[in-house]
Structure formats: C-alpha cells, structure tokens
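Observations on chain architecture
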Amino acid sequence: MPDETQATPVGRKPAEQRHPSESMPIKAEKSEIEGTREPRPDPSTPPSAAPPADEDRNAPPADEDRNGRVDTGAPRLGLVGGGDGSSATPGFRFAAIGALLIVVLFAGYGLGRLNGGTTGTTATPATTQPTPTASAFDESRPHTHGTTAPIGATGQGAAVGGLSLSGNGLTLTPLVTTFQGGRPQRLDFTINGPGGAPVTTYAVVHDKPLHLIVIRRDLTGFQHLHPVMAADGTWSVDLTLAEPGVYRMIADFTAVVGGERLVSTLGSDLTVAGSYTPVTLPDPARATTADGHQVGYEGTPVTESTQPLLMTVTDAAGRPVTVEPYLGAFGHLVVLRQGDLGYVHVHPETRLVDGKVKFWLAAPSPGTYRMFFDFQVAGKVSTAAWTVVVS
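Residues numbered from 1 in each chain as written. Predicted model: local features only at pLDDT ≥ 70, side-chain atom pairs only at ≥ 80, totals over all residues. Heavy atoms only, no water.

1. A short note on the packing of aromatic side chains
Each aromatic ring pair is summarised here by two numbers: the centre-to-centre distance and the angle between the ring planes. Applying the stated criterion to the full structure yields seven aromatic pairs. Relative to W235, the ring of Y202 has its centre 5.1 Å away and its plane inclined at 80 degrees; by these criteria the two rings are edge-to-face. Residue Y202 is located in the loop between β6 (184–192) and β7 (210–216), and its partner W235 is located in strand β10 (residues 234–240); the two are separated by 33 residues in the primary sequence. Look at Y202 and you get buried, because its relative accessible area is 12%. With 6.5 Å between their ring centres and 20 degrees between their planes, F373 and W386 make a pair best called stacked. Separated by 13 residues along the polypeptide, F373 in strand β19 (residues 367–377) and W386 in strand β20 (residues 380–390) bring together distant segments of the chain. (Phe/Tyr/Trp six-rings, centres within 6.5 Å; stacked < 30°, edge-to-face > 60°. Helix = DSSP H or I, 4+ residues; strand = E, 2+ residues; numbered from the N terminus. Buried < 20%, exposed > 50% of the residue type's maximum accessible area, 1.4 Å probe, protein only.)

So this is what it looks like as structure tokens:
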C-alpha cells in the first residue's frame, strides 16, 4: 500500500507514469465517484501546441488502448477506475469492498427478518461457571444444611456438622475465645481459605450470608445469631454468655472460593471462666411454651428413613395463630446431639399444611437430641425447644 503521506492527488497520474502523448496541457475532470475520467485536451490550448503525429512513434493505434486492448465501444466489466481502463486507486478499492460488505450484511439481515429472525442463527452457548465440588441444595425444598444431598437421599440419617473447625479447605478462626459471664462482648472471627487469607465472598442462604449458632455443651443457652462481615473478611457480633462453662459456636455458611460454592458448617469452643454445673435436660415431651405461645409437634424421628414433623403454634387459650415467614421460611429447626453437639439445620416445606409448619427429618444416629424451633408471630421471633430420644 502506498505511503499515505505521498498519495497522488485524485485525477492525476504521477509524472513518471505519464505517456508522452499526454504532454499537452490537459484538464483532469473529476468523476462523480472516486477516480478520474479520461483526460481531454484543454480547449484553450492552440492546435499548433500538439506534437506532430510522427513524433510519437510509440503511441498505440486509435482503436487500441495503451495496454494493447482494442476499444470496441462495448462497456468493460470490472472495478470502476479511470476511464482509460486503469485500475481504481487503493483508497477506492477499500471503499468499494466496504460498500459491498455493507450490502451483504443488509441482505442477510433482510433474509433473517423474512424468516422470523431465525434463519442462519446459531445460539451462543451461555458462559458456565466451574462445576462446584459442593453446591448448596435447592433452598426451596426441605433439606438440611452442611450437606449437598436432599434429606433421606442416602438411605441413612442426616449428616451432622459443626464437629470440626476445618473442612472443605476452610478454617474457622475466632479472634477471642474467652468471655466473661453475663456481659456483652464482641465476638470476632474469620473463615480462612486454603491459602490462609480470610474469605470475603459468600452466598446468601435464607436471607443471610452466615448463620451462627451458640450453645453451651449441656445444650442450654441456645442462640441463633447473624454476624456482620467487614470488608477484610472479619465477622463480628455482640455476644452475651450468661453462665460459666464451655460453649460451642457453629458457623453455617456457603463460601464462594475460586468460583466454587463450599457448603460448610464449622465449629469451635468458647469459654466462660467460673464454677460450672451442668443442667439436666428436661424429659422428652411433645408440647412446650415459648413467649406465651403453646408449641407442639407431631411425628417421630428415626434413623432408617426421613419422617415428617409438623409444628403447631397456638396462643395461650389454644387458638391457632398465624406463623409468619422468617429468614425466607416459615421456621427453622436446629437439632443438636447430646455428647458431641453434632448439628443439623432443617428447613420446612414452602407452604403451611393446615396452618402447621412441616419439616422432614432423618435422625443422624440413635441418641438424645435437643430440637430448637425458631418461628415468628406478629413480627416477633421465638424459640421452642424439646428433648427427643431416638432409639
């Protein structure tokens, strides 16, 4: 391609390419499109200025152009160029090719419109995220936290969590573990990734990116909290531990690391110094009270299969009350196993059954459990608790 800084003016040939027969003064008539027409003699030039015919011995015959082609008067096919049959300038070639492409594109568009816009169209595959090694189960169906399988899908009891401070390459790291009894104190902790840095990206599950359960090892003092995360990945919440003893903090969350959703339930101990006297659990019963409400359940948890549990909430006079959605569900059921505090978090069906909240549960193993049912009535959240023995 010629250097643009030395382009020949339109309608004029470079001097070194000019034929001797063109030595007479001429006027270059500019074409209606890029290129030039054949130069014609300037009428103002006297005839005597034209060179004698015998002086131009190399000129082609009158009916033959300078390229040896005979001019029959028929139109010539090809790219539009100079009237002398020369090719178009490079700039004009590019313009012609561009115009041709535009015509082709508009023709394709018109055909697509005539065929409903589907002719020749190939759907572009959607960009897919890497397949996670542990994906959160469908939150709209009854399930447990800390596992990717639907409850009862394995033919065994529900999986338990909260027994370890590390799992899925993640580690729960509390910044303080000693508390004073009966006084509010700040609990700070991080969830550190495989490289040791705090994780800062979490999936929101039931309206919160992280659910924190705190309970004493004798299954008393239950609290369901929702810490707030700072930009550096530090979670913080005000926590009051009423009595001396060893408490378990259980963080229930879905971290997003490297594009993977890691469903995790990690636990660690907190200590309140002082004289500790364990509390004996209440005997098993199907009815209890919570903030003036009568709360009962129907159904019997077993290990061999998943069984329904229906929770009923009434006022003090036994009249049914309306249970409201809380954290994206009509209630939350936390089940903790006596001894190791194995943790199961179950969500109910998305609709009430005759005004009752319906859960599905397969007990993790034989043993004694404490069930905690969080529910909301008239904007207030209450917690009912029962002791359950699974044989």
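Picking up where we left off.
2. Details of the environment of D354
Among the structural elements, D354 can be located in the loop between β17 (343–346) and β18 (357–361). For D354, a relative accessible area of 77% puts it in the exposed group. Separated by 42 residues in the primary sequence, D354 and T312 have C-alpha atoms spaced 9.5 Å apart.

3. Overview of the sheet that holds strand β11 (residues 245–257)
Read across the sheet, five strands follow the order β5-β12-β11-β7-β8 without closing on themselves; strand pairing throughout is mixed. At either margin of the open sheet sits one strand with a lone partner, and together these are β5 (178–179) and β8 (223–225). (Pairing = 2+ DSSP bridges.)

4. Structural notes on the pattern of salt bridges
One pass over the full model with this rule turns up eight salt bridges. With its nearest N and O atoms 3.0 Å apart, the salt bridge here joins R248 to D269. Note that R248 is positioned in strand β11 and D269 in strand β12 (residues 260–272), a separation of 21 residues in sequence. In this structure, the salt-bridge partner of E298 is K356, at a minimum N-O distance of 2.7 Å. On the criterion of sequence distance, the pair formed by E298 in strand β14 (residues 293–298) and K356 in the loop between β17 and β18 is long-range, its members being 58 residues apart. Here E298 falls in the partly exposed class, since its relative accessible area comes to 40%. Residue class for K356 comes out partly exposed when judged on its relative accessible area of 23%. (Salt bridge = Lys/Arg side-chain N within 4 Å of Asp/Glu carboxyl O.)

5. Here's the deal with the side chain of T387
Secondary-structure assignment places T387 in strand β20. At 2.9 Å, the side chain of T387 forms a polar contact with the backbone oxygen of P282. Side chain to side chain, T387 and R370 meet in a polar contact 2.6 Å long. Sequence-distant contacts of T387, defined by excluding residues within four places in its chain, comprise L281, P282, D283, P284, A285, T368, Y369 and R370. (Polar contact = N/O pair within 3.5 Å; in protein donor to acceptor, adjacent residues only side chain to side chain. Contact = heavy atoms within 4.5 Å.)

6. Some thoughts on the environment of G292
Tracing the backbone shows G292 in the loop between β13 (287–290) and β14. Assessed through its relative accessible area of 52%, G292 is described here as exposed. Discounting chain neighbours no more than four positions away, the residues touching G292 are D315 and A316.

7. Details of the environment of Q294
Within the fold, Q294 resides in strand β14. A sequence separation of 23 residues divides Q294 from A317, and the C-alpha atoms of the two residues are 8.6 Å apart. Non-local contacts of Q294, meaning those with residues more than four positions away in its chain, are made with T288, T289, T312, V313, T314, D315 and A316.

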